[in-house]
Amino acid sequence: MPHNPYSRLFAIPGATAFTLGNLVARLPMGMFSVSAVIMISGARGSYALAGAVTATGLAATAVVAPWTARLVDRHGQARVAVPATLVAALGSLSLVLCVRYGAPDWTLFASYAATATTPNTGGMSRARWAHLLKGDARAVHTANSFEQAADELCFMLGPVLAAFLCGTFFPQAGTLIGVVLLVTGVLVFAAQRATEPPPHDRRDPTDTSAATKSLLRARGMPALLIGFLATGAVFGSLEVVTIAYADGQGHKAAAGVVLALQAAGSCAAGLVYGAAKPRGSLGRRHVLCAAAMAAVMTLPLLAVASTGSLIVLSVALLCAGMATAPTMVTAMTLVQRRTPERRLNEGMTLAVTGLLGGIACGAACGGWAVEHLGTAAGYGVPAAAACCALLLSSAQACATSTRARLRRRRPAPPHVSSAV
């Protein structure tokens, strides 16, 4: 096998094909919200309406996405992902038509809510790696690191591409190109049937996970999902506060570049982390990564408080991004460990839902802090959210180690000899 761990991944037959399809399908995830805001605000003259429409779509996704993932686990990726994607594509096209022809505002909310059926392509890709690399913990670690780097790359390029298309051609261009990329990518991904995990009908009497009605009640999952909520708050608040700070400095157009540096640092760190051999227990690595994230998230706050320079802030955000990917990789691996194999897509979609919810909450908190405390103090929000993620991971690790010690100390049942 090749010594490069990433070469080893793509030496698996079919891995390159499903990865390329998944990347094409994942890129629009960073395009749709930006395109919708530009399109709606330009046509209706209201950022409040545009923000409310995108927030409605996010709320609908939080409800629908786990249900879609449950169907994927039960019936297979291709059978569910393709029709779900077509429904989401129709919702996006309906939004374009409603905006173009001046339909009532409620139609915008209904159209964008229909896009909530978009399948979690990143989760499906991670499920394929887990299926193909079953029993090889180091290879799964590398695959999860690659997927996290891909997430960062898509969310870095998506908004830039959307803004370019909407500004260069016409306001609807970002949404239309995003629909084409989404449908094409999902069709290519779904066509790779040889690498698809087998569907698991949870009505099977041999399925021991069927007794667990909700993964939210699985051991360790609530704390993990709240940790994703806190990590999402880091991302959401960082974006809003950075845009506000750049605007206050008179360089609002540079905010996208500054945020792209943060995503680039995370992407590079994810690839390096995946190439390294993991050491220590997974829980301990999660705590260390969360501690690193909490530490480096103070750098943007220090940069704006001490220098006020946008260039220094850019360097601070580049460094801050280098701790987010390893934290996400270890957290996703923990979700995989604590989710039954038959419900892997559902478990990872719950994690993504928590992350999206955290992004929304973080954006709201960051906006409030900027408005009431100032843009410099606003950087305290991502720092506080990162500290919350660290406390949660530390508490979870302590609880896990305590349970392990109690199991080791538990006396064995006395041996009762039978009387003759």
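Residues numbered from 1 in each chain as written. Predicted model: local features only at pLDDT ≥ 70, side-chain atom pairs only at ≥ 80, totals over all residues. Heavy atoms only, no water.

### Here we look at the overall build of the chain
When you go through the chain residue by residue, the secondary structure sums to 18 helices and 0 strands. For the chain, the proportion of its 420 residues judged to be buried stands at 49%. Excluding contacts between residues fewer than 6 apart, the proportion of contacts in the chain whose partners are at least 24 apart in sequence is 84%. Just so you have it, the chain exposes about 19000 Å², and 68% of that area is on carbon and sulfur atoms. (Helix = DSSP H or I, 4+ residues; strand = E, 2+ residues; numbered from the N terminus. Buried < 20%, exposed > 50% of the residue type's maximum accessible area, 1.4 Å probe, protein only. Contact = heavy atoms within 4.5 Å. Areas by Shrake-Rupley, 256 points an atom, 1.4 Å probe, with all protein chains shown as cover.)

### Considering the environment of Phe109
For Phe109, the position within the fold is in helix α6 (residues 105-114). As a C-alpha pair, Phe109 and Ala55 span 54 residues in sequence and 9.3 Å in three-dimensional space. Leaving out residues up to four positions away in the same chain, Phe109 has contacts with Leu49, Ala52, Val53 and Thr56.

### Notes on the environment of Ile359
With respect to the element layout, Ile359 can be found in helix α16 (residues 344-373). Taking the relative accessible area as the measure of exposure, Ile359 reaches 29% and is therefore partly exposed. Separated by 301 residues in the primary sequence, Ile359 and Leu58 place their C-alpha atoms 10.0 Å from one another. Those residues in contact with Ile359 that lie beyond four places of it in its chain are Gly232, Ala233, Phe235 and Gly236.

### Quick word on the side chain of Gln77
By the element assignment, Gln77 lies in helix α5 (residues 77-100). For Gln77, a relative accessible area of 2% puts it in the buried group. Setting aside residues up to four positions removed in sequence, Gln77 forms contacts with Val72, Val82, Met124, Ala127, Arg128, Phe189, Glu196, Pro197 and Asn345.

### A short note on the pattern of salt bridges
Inspection of every chain in the model, using the stated rule, returns 6 salt bridges. The shortest N-O distance in the salt bridge between Arg26 and Asp151 comes to 2.7 Å. In this pair, Arg26 sits in helix α2 (residues 15-26) while Asp151 sits in helix α8 (residues 137-168), placing the two residues 125 residues apart along the sequence. The class of Arg26 is buried, set by a relative accessible area of 3%. With a shortest N-O distance of 2.9 Å, Glu196 and Arg193 are connected by a salt bridge. (Salt bridge = Lys/Arg side-chain N within 4 Å of Asp/Glu carboxyl O.)

### Digging into the packing of aromatic side chains
A full pass over the atoms with the stated rule returns 7 aromatic pairs. Pairing Phe164 with Phe169 gives two aromatic rings, centres 6.4 Å apart and planes at 90°, and the pair type is edge-to-face. Seen from their ring centres, Tyr245 and Tyr379 are 6.2 Å apart, and the 75° between their planes marks the pair as edge-to-face. Here Tyr245, found in helix α10 (residues 221-248), pairs with Tyr379, found in the loop between α17 (375-378) and α18 (380-409); they are 134 residues apart in sequence, far enough to count as distant. Here the aromatic cluster, defined as three or more aromatic residues joined through ring pairs, consists of Tyr6, Phe10, Phe18, Trp129, Phe146 and Phe189. Seen from the ring of Tyr101, Arg100 lies directly overhead, with NZ or CZ sitting 5.4 Å from the centre. The positively charged end of Arg128 is found above the aromatic ring belonging to Phe18, 5.5 Å away from the centroid. (Phe/Tyr/Trp six-rings, centres within 6.5 Å; stacked < 30°, edge-to-face > 60°. Lys NZ or Arg CZ within 6 Å of the ring centre and 35° of its normal.)

### Here we look at the packing of α8 against helix α11 (residues 255-275)
When two helices pack together, their arrangement is given by the angle between the helix axes and by the axis-to-axis distance. Put simply, α8 and α11 touch, their axes get as near as 8 Å, and they point 165° apart. When the interaxial angle is binned, α8 and α11 end up roughly antiparallel. Between α8 and α11 lies a crossing of left-handed hand. Here Arg138, His141, Thr142, Ser145, Phe146, Ala149, Glu152, Leu153 and Met156 of α8 lie close against α11, whose contacting residues are Ala260, Ala263, Ala264, Ser266, Cys267, Gly270, Leu271, Tyr273, Gly274 and Ala275. Within the contact of α8 with α11, the residues separate by chemical class into 11 nonpolar, 6 polar and 2 charged. (Axes fitted to C-alpha atoms, helices over the stretch in contact; angles between N-to-C directions. Parallel < 35°, antiparallel > 145°, perpendicular 65-115°, else oblique. Left-handed = near helix turned anticlockwise from the far one by under 90°. Nonpolar A, V, L, I, M, F, W, Y, C, P; charged D, E, K, R; others polar.)

### A look at helix α14 (residues 310-321)
For α14, spanning 12 residues, the distance from its first C-alpha to its last is 16 Å, which sits close to the expected 16 Å at 1.5 Å a residue. Those residues of α14 lying buried are Leu310, Leu313, Ser314, Ala316, Leu317, Ala320 and Gly321. Down the axis of α14, the smallest arc covering the buried residues is 165°, so these residues share one side. Residues of α14 that are buried make contact with α10, α11, α12 (282-296), α13 (298-306) and α15 (324-338). (Expected span 1.5 Å × (residues − 1). Arc of directions from axis to C-beta.)

### Remarks on α5
For α5, spanning 24 residues, the distance from its first C-alpha to its last is 34 Å, which sits close to the expected 34 Å at 1.5 Å a residue. Immediately downstream of α5, the backbone of Gly102 shows phi near 70°, a positive value.

### Some thoughts on the nonpolar core
Counting 44 residues, the largest nonpolar core has Phe228, Met297, Leu313, Val335 and Tyr379 as its most contacted members. Only α7 (121-132), α10, α11, α12, α14, α15, α16 and α18 provide two or more residues apiece to this core. The element that contributes the greatest number of residues to this core is α10, accounting for 12 residues. Not counting the four nearest positions on each side in its chain, Phe228 is found in contact with Met328, Ala331, Met332, Val335, Ala351, Gly354 and Leu355. (Core = buried A, V, L, I, M, F, W, Y, C linked by side-chain atoms within 4.5 Å.)

### As for the state of the cysteines
All told, the structure shown has 0 disulfides when counted by the stated rule. For the unlinked cysteine Cys267, the closest cysteine sulfur is that of Cys154, found at 9.2 Å. Cysteine Cys387 is unpaired, with the sulfur of Cys388 as its nearest cysteine sulfur at 7.1 Å. (Disulfide = S-S within 2.5 Å.)

### Some thoughts on a nonpolar patch on the surface
Together, Leu90, Leu93, Phe164, Phe169, Phe170 and Leu176 line one region of the surface with nonpolar side chains, adding up to about 580 Å² of accessible area. For Leu93, the location among the structural elements is in helix α5. (Patch = residues over 30% accessible without salt bridge, like charges linked within 9 Å, V, L, I, M, F, W, Y side chains within 5 Å.)

### With respect to the environment of Met297
Note on placement: Met297 falls in the loop between α12 and α13. Taking relative accessible area as the criterion, Met297 reaches 0% and is therefore assigned buried. C-alpha separation for the pair Met297 and Ala385, spaced 88 residues apart in sequence, amounts to 9.2 Å. Apart from residues no more than four positions distant in its own chain, Met297 is found in contact with Val234, Leu238, Ala320, Thr324, Pro382, Ala383 and Ala386.

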